[in-house]
Amino acid sequence: VLANEEVHDGTCWRCSTDIEKKDLPQWFFRITANADRLIEDLALVDWPESIKLMQTNWIGRSTGVEFDMRIKGHDACMRVFTTRVDTVFGMSFAVLAPEHPIVEEITTPDRLEAVREYARNARRTSEIERLSTERERTGCFTGASAINPVNGQEVPVYVADYVLQSYGTGAIMAVPAHDSRDFDFAAKHGLPVPVVIAPDGWDGQPLEQAH
């Protein structure tokens, strides 16, 4: 077993053996059930403020909304979490983590082998690398479409390794005009960048505004 920091370019840092990521049954501390108390009780300990801030960031409490998006032609749904539900009108695509359990169910037969190969490559990449802000935003189209529940619009569903199964729901609504990672992905794959929120005096140029 290696830590994420010990995986370099999909191989062991010491012996250069290819790394394979496996899902194992195990216990986790359910931080979400205790996030409020953990953060509030930091006021009771005599620690430097910098350490308290690190602990708060590690707990990672987020306030937002979860909702389901139906997959066209399937019984399956993808559940997403967002801290800014007002940007749901700016969704132009949706993304599943390559490890998400519904990926193979919703992928069309002509896209299945490409999606499987992408997922295999993602498993050989550490989470630190996958979350890097400097990494190219790769992905693979599943052939499926999700239904935006607020306006009924169909949006394409991709798998992309910048979404992690271990974080949130393992699925996102992608709003490229208001998220830098989604914007980079949309720019690479030629996807629309609809703007929902803009400052006064906005000149109508969504691509520049997204950055």
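Up top you'll find the structure we're talking about.
Residues numbered from 1 in each chain as written. Predicted model: local features only at pLDDT ≥ 70, side-chain atom pairs only at ≥ 80, totals over all residues. Heavy atoms only, no water.

A. Structural context of the side chain of Glu-99. Inspection of the secondary structure assignment puts Glu-99 in the loop between β5 (93–96) and α3 (103–106). At a separation of 2.6 Å, a polar atom in the side chain of Glu-99 contacts the side chain of Arg-130. The residues contacting Glu-99, other than those within four sequence positions of it, are Arg-123, Arg-130 and Gln-165. (Helix = DSSP H or I, 4+ residues; strand = E, 2+ residues; numbered from the N terminus. Polar contact = N/O pair within 3.5 Å; in protein donor to acceptor, adjacent residues only side chain to side chain. Contact = heavy atoms within 4.5 Å.)

B. Structural context of the side chain of Lys-52. In this fold, Lys-52 is placed in helix α2 (residues 49–59). Looking at Lys-52, its side chain comes within polar contact range of the main-chain oxygen of Val-45, at 3.3 Å. With residues near it in sequence (within four places) discarded, Lys-52 still touches Leu-42, Ala-43, Val-45 and Trp-47.

C. Spotlight on the environment of Trp-27. Within the secondary structure layout, Trp-27 lies in the loop between β2 (11–12) and α1 (31–40). For Trp-27, a relative accessible area of 84% translates into the label exposed. Once the C-alpha coordinates of Trp-27 and Arg-111 are considered, the two residues, 84 residues apart in sequence, prove to be 34 Å apart. (Buried < 20%, exposed > 50% of the residue type's maximum accessible area, 1.4 Å probe, protein only.)

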